[in-house]
Structure formats: structure tokens, C-alpha cells
Amino acid sequence: MSKRATRFYDFGEFERLVVAARAMDARAYLLVLLSGEAGLRLGEMVALEWGDIDFVKGQVCVQRSAWKGQVASPKSGRLRYVPLTKRLRSALRDHRHLRGPLVLYHDHGAPLTEGQVQGLVRRAAKRAGLFNNGPHMLRHTF
């Protein structure tokens, strides 16, 4: 039995997704950029804190991941630093809030869950007319 090749977007498809996500919702836009331009995994996005983002150095420190409500080390077991693109840096600044330490919250104050993050990314892909099985596919685009 052979393994299926991992599907990822080409540059044009990714840009269509970015445009659709931005038109849909500021959070969806940020999620698409975090996964597609920074290569963050689903749990890493959910566990991302403002203290992990260094706007001066232009990087994000990926040091934790959430899975089923539990926060632990990233999949690799060690932290990594990822550069911020101009577009991602701008989206993060625009998204800045005082709800708490996490980057991703609902407007009513509850943190986003892994399922909600997947749903936002999938809806943006559908709006762009693209197939998507969640943020992991965008990680491969990165």
C-alpha cells in the first residue's frame, strides 16, 4: 500500500484563500496567515500567547501546543523561532486585544478551541472554492 502525497496549495490558491479569509473574518485571516506563512500547527495556534510574539525582532517563538484542552510542548518537544512576514505582523498588530494572554479568543472572551480553528479555516477555503482538510494542509504550503 502506498502513501498518498500530501496536498498543499500553490501560490495562487493560497492567495485566493487569504483573500477569502480576510473578507470573511479577521480571525480567519489571522489563522490562515499563522498556518500558511508561519507554518504553525493547529495546537500551536490555539496555545499561542502574546508574549511569544516579538514585533521588534519580527519573530514568533513556538513553545507550546494545545491538544484536547491540555497545553504541552510542541510536537517536536522543543521551541522554535519563526520569522513574521509583513502581512502576518500587520494582522497580529490589528488583532491585538486585552482579553488575556492568548492571541485567539472569541469576541465574548472564551479562547478558541482546535475545532473552532479548523472550522474557520475550512469555511474560508470553501468560500475561496478550494479543498481544505484544516490548518495542517496550510502548514505544508508554508
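Our structure is the block above this text.
Presented here is an overview of the structure given in this document.

Cut-offs applied
- Residues numbered from 1 in each chain as written.
- Predicted model: local features only at pLDDT ≥ 70, side-chain atom pairs only at ≥ 80, totals over all residues.
- Heavy atoms only, no water.
- Buried < 20%, exposed > 50% of the residue type's maximum accessible area, 1.4 Å probe, protein only.
- Helix = DSSP H or I, 4+ residues; strand = E, 2+ residues; numbered from the N terminus.
- Polar contact = N/O pair within 3.5 Å; in protein donor to acceptor, adjacent residues only side chain to side chain.
- Core = buried A, V, L, I, M, F, W, Y, C linked by side-chain atoms within 4.5 Å.
- Contact = heavy atoms within 4.5 Å.
- Phe/Tyr/Trp six-rings, centres within 6.5 Å; stacked < 30°, edge-to-face > 60°.
- Lys NZ or Arg CZ within 6 Å of the ring centre and 35° of its normal.
- Pairing = 2+ DSSP bridges.

### What about helix α2 (residues 26–36)?
Logical step 1: For α2, the tally of buried residues reaches 10 of 11 residues, placing the bulk of the element in the interior.
Logical step 2: Inspection of α2 places R27, A28, Y29, L30, L31, V32, L33, L34, S35 and G36 among the buried residues, and these make up the whole buried set.
Logical step 3: For α2, the N-terminal cap is D25; the gap from its side-chain oxygen to the backbone nitrogen of R27 is 2.8 Å.

### Here's the deal with the nonpolar core
Logical step 1: The biggest cluster of nonpolar side chains holds 43 residues, and the ones touching the most others in it are I53 and L92.
Logical step 2: Of all the elements in the fold, those that place two or more residues in this core are α1 (11–24), α2, α3 (42–47), β2 (59–62), α4 (86–95), α5 (114–127) and α6 (135–141).
Logical step 3: Ranked by the residues each element gives to this core, the list is headed by α2, at seven residues.
Logical step 4: Contacts of L92, omitting those with residues within four sequence positions, involve L30, W50, I53, F55, L84 and V103.

### A look at the packing of aromatic side chains
Logical step 1: Tallied over the full model, the rule gives zero aromatic pairs.
Logical step 2: Looking at R22, its charged tip hangs above the ring of Y29, at a distance of 4.8 Å from the centre.

### With respect to the sheet that holds β2
Logical step 1: With antiparallel pairing, the three strands of this open sheet are ordered in space as β1-β2-β5. Both edges of this open sheet fall to β1 (53–54) and β5 (80–83), since each of them pairs with a single strand only.
Logical step 2: Direction of pairing for β1 relative to β2: antiparallel, over a ladder of two bridges. Paired with D54 across the bridge in β2 is Q59.

### Notes on the side chain of S65
Logical step 1: The topology assignment puts S65 in strand β3 (residues 65–67).
Logical step 2: Not counting residues up to four positions away in its chain, the partners in contact with S65 are G43, E44, A47, Q70, V71, A72, S73 and P74.

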